[in-house]
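Residue strings, one per chain:
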Amino acid sequence: MAHHPGLPLPAELLHPGLWVADIVYRPLETELLKQARAIGCRTLDGGGMVVFQAAHAFRLFTGREPDAERMFAHLTDLIAV
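These lines cover the structure that appears in this document, whether it is placed above or below. As the structure is a prediction and not an experimental result, all values here were calculated from the model.

## Here's the deal with the packing of helix H2 (residues 47-62) against helix H3 (residues 68-80)
And then number 1: At their nearest, the axes of H2 and H3 sit 10 Å apart, and the two run at 130 degrees to each other. The orientation of H2 with respect to H3, classified from their angle, is oblique. Taken as a pair, H2 and H3 cross one another with a handedness that is right-handed. The residues of H3 that touch H2, namely those facing Gly47, Gly48, Val50, Val51, Phe52, Ala54 and Ala55, are Ala68, Met71, Phe72 and Leu75.
And then number 2: For the contact of H2 with H3, the class distribution of residues is nine nonpolar, two polar and no charged.

The following block contains the structure:
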């Protein structure tokens, strides 16, 4: 999302009573999530979406059960770079 900085909506719409989710996974900490968290919103980043979507695809293609926790650990390592 480096090529699309900023927020997808006016910041004035955010208030502490909201849950704010952003399915972007690189970076996990988007400007939307930063601002929402700063004013007290509960937030959810895109890490879980990408991992569980990949885990489901792995299961469909291979018939094997993926280790989603291990996949999430790898994602965390990859994004930290």
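## A few points about H2
And then number 1: For H2, built from 16 residues, the straight-helix expectation of 22 Å at 1.5 Å per residue is met to within 8% by its first-to-last C-alpha distance of 22 Å.
And then number 2: For H2, the full list of buried residues reads Gly47, Val50, Val51 and Ala55. Here the buried residues of H2 occupy an arc of 130 degrees about the axis, which is enough to place them on one side. In H2, the exposed positions angled more than 90 degrees off the buried face are occupied by Phe52, Gln53 and Leu60.
And then number 3: Of the surrounding secondary structure, the elements contacted by the buried residues of H2 are H3.
And then number 4: A positive backbone phi angle near 75 degrees is found at Gly63, which sits one or two residues after H2.

Each value, and the rule that gives it
Residues numbered from 1 in each chain as written. Predicted model: local features only at pLDDT ≥ 70, side-chain atom pairs only at ≥ 80, totals over all residues. Heavy atoms only, no water. Axes fitted to C-alpha atoms, helices over the stretch in contact; angles between N-to-C directions. Helix = DSSP H or I, 4+ residues; strand = E, 2+ residues; numbered from the N terminus. Parallel < 35°, antiparallel > 145°, perpendicular 65-115°, else oblique. Left-handed = near helix turned anticlockwise from the far one by under 90°. Contact = heavy atoms within 4.5 Å. Nonpolar A, V, L, I, M, F, W, Y, C, P; charged D, E, K, R; others polar. Expected span 1.5 Å × (residues − 1). Buried < 20%, exposed > 50% of the residue type's maximum accessible area, 1.4 Å probe, protein only. Arc of directions from axis to C-beta.

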